[in-house]
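# Analysis of the macromolecular model
Residue strings, one per chain:
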Amino acid sequence: MSLLSTILDHNEQFVAAKEYEKFQTTKFPNKKVVILTCMDTRLLELLPAALNVKNGDAKIIKNAGAVISHPFGSIMRSILVGIYELQADEVMVVGHHGCGMTGLEASSVLKKAEAKGVDMKTIDTLEFSGVDVKSFLTGFDKVEDNVLHSCKMIKHHPLLPKNVPVHGLVICPNTGKLDLLIDGYETTTT
């Protein structure tokens, strides 16, 4: 049985038993916060528990490394939608120790892409077209520096209200301990 079949079978039982009822909430976050964090599997349940965030409390955006690579990309758009359309009034960037993006080099990703059948001529075409594939696929050296960079990208975005606190934290994926890098209340101007 495939993973998809297993999921669909479970879903049919989930809906029939009305298991969804305990998850019902509104689209507006109760704690009025948008959280950008990493997609690391260790954080799926640990992060909300460590932050005391329950279903319906926050808008959680996940990507590899909690990275904002472009000020007008989908991550920043999601943060702005959370603030303007979904009543959030704070932002948290939460990176984590032991992130797979730490030290990630494009050559490693490209070698694995080639092994899975991606024609390296495609990379040449992308590079010729102005896409910096190596930069796109490169991680960061220190999680703390990445969190600070993402916070700076958010805080200095021309469409973000100046009074929105932007907090920066790093979580331990083993214990859930949070290290505060930026207290957004101290850096917010009204």
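Here goes a summary of the coordinates provided. Since we're looking at a predicted model, the values are computed, not measured.

Okay, the overall build of the protein chain next. Looking only at helices and strands, one finds eight helices and five strands in the protein chain. Start at the N end of the protein chain and walk to the C end: the helices and strands fall as α-β-α-β-α-β-α-α-α-α-β-β-α. Principal-axis analysis of the C-alpha atoms gives the protein chain an extent of 50 × 50 × 35 Å. The burial tally for the protein chain puts 35% of its 190 residues in the buried class. Residue pairs in contact within the protein chain that sit at least 24 positions apart in sequence constitute 73% of those at least 6 positions apart. Carbon and sulfur atoms provide 58% of the accessible area of the protein chain, an area that totals close to 11800 Å². Put simply, the protein chain has 20 plus and 22 minus side-chain charges, and the middle of one group is 2 Å from the middle of the other.

Ranked by internal contacts, the top residues of the largest apolar core, which has 37 residues, are Ile 35, Ile 79 and Ile 154. Contributing elements (two or more residues each) for this core: β1 (33-38), α2 (43-51), β2 (58-63), α3 (74-84), β3 (90-96), α7 (143-155) and β4 (166-171). Dropping the residues within four chain positions of it, Ile 154 is found in contact with Ile 68, Met 76, Ile 79, Val 91, Val 93, Leu 160 and Val 166. Ala 106, Ile 123, Val 133 and Leu 137 belong to the second-largest nonpolar core, a separate cluster that totals five residues.

Turning next to the sheet that holds β2. Taking strand neighbours across the sheet as the criterion, the five strands line up as β2-β1-β3-β4-β5 in an open arrangement whose pairing is mixed. Two strands bound the open sheet, and with one partner strand each, they are β2 and β5 (178-182). Averaged over all pairs of adjacent strands, the angle between strand axes in this sheet comes to 25°, irrespective of strand direction. Judged from the six bridges that link them, β3 and β4 form a sheet pairing that is parallel. When the bridges of β4 are listed, Val 93 appears paired with Gly 168. Sitting on the sheet, α2 touches β1, β2, β3, β4 and β5, and the angle it makes with β1 is about 140°. Running at roughly 160° to β4, α7 makes contact with β3, β4 and β5 of the sheet.

Attention now goes to the pairing of β5. The pairing of β4 with β5 spans four bridges and is classified as antiparallel. Among the inter-strand pairings, Leu 169 is bridged to a residue of β5, identified as Leu 180. Between β4 and β5, which pair antiparallel one after the other, the connecting turn spans six residues, and Gly 176 there sits at a positive phi close to 85°.

Another aspect to go through is a negative patch on the surface. A grouping of Glu 114, Asp 119, Asp 124, Glu 127 and Asp 132 is seen on the molecular surface, where their side chains present a negatively charged patch. Turning to its location among the elements, Glu 114 is positioned in helix α4 (residues 106-115). We classify Glu 114 as partly exposed; its relative accessible area is 47%.

The rules behind the values
- Residues numbered from 1 in each chain as written.
- Predicted model: local features only at pLDDT ≥ 70, side-chain atom pairs only at ≥ 80, totals over all residues.
- Heavy atoms only, no water.
- Helix = DSSP H or I, 4+ residues; strand = E, 2+ residues; numbered from the N terminus.
- Buried < 20%, exposed > 50% of the residue type's maximum accessible area, 1.4 Å probe, protein only.
- Contact = heavy atoms within 4.5 Å.
- Areas by Shrake-Rupley, 256 points an atom, 1.4 Å probe, with all protein chains shown as cover.
- Lys, Arg positive; Asp, Glu negative; His and termini not counted.
- Charge placed at Lys NZ, Arg CZ, Asp CG, Glu CD.
- Core = buried A, V, L, I, M, F, W, Y, C linked by side-chain atoms within 4.5 Å.
- Pairing = 2+ DSSP bridges.
- Axes fitted to C-alpha atoms, helices over the stretch in contact; angles between N-to-C directions.
- Patch = residues over 30% accessible without salt bridge, like charges linked within 9 Å, V, L, I, M, F, W, Y side chains within 5 Å.
- Salt bridge = Lys/Arg side-chain N within 4 Å of Asp/Glu carboxyl O.

Take it as geometry only, folks, not as evidence of what the structure does.
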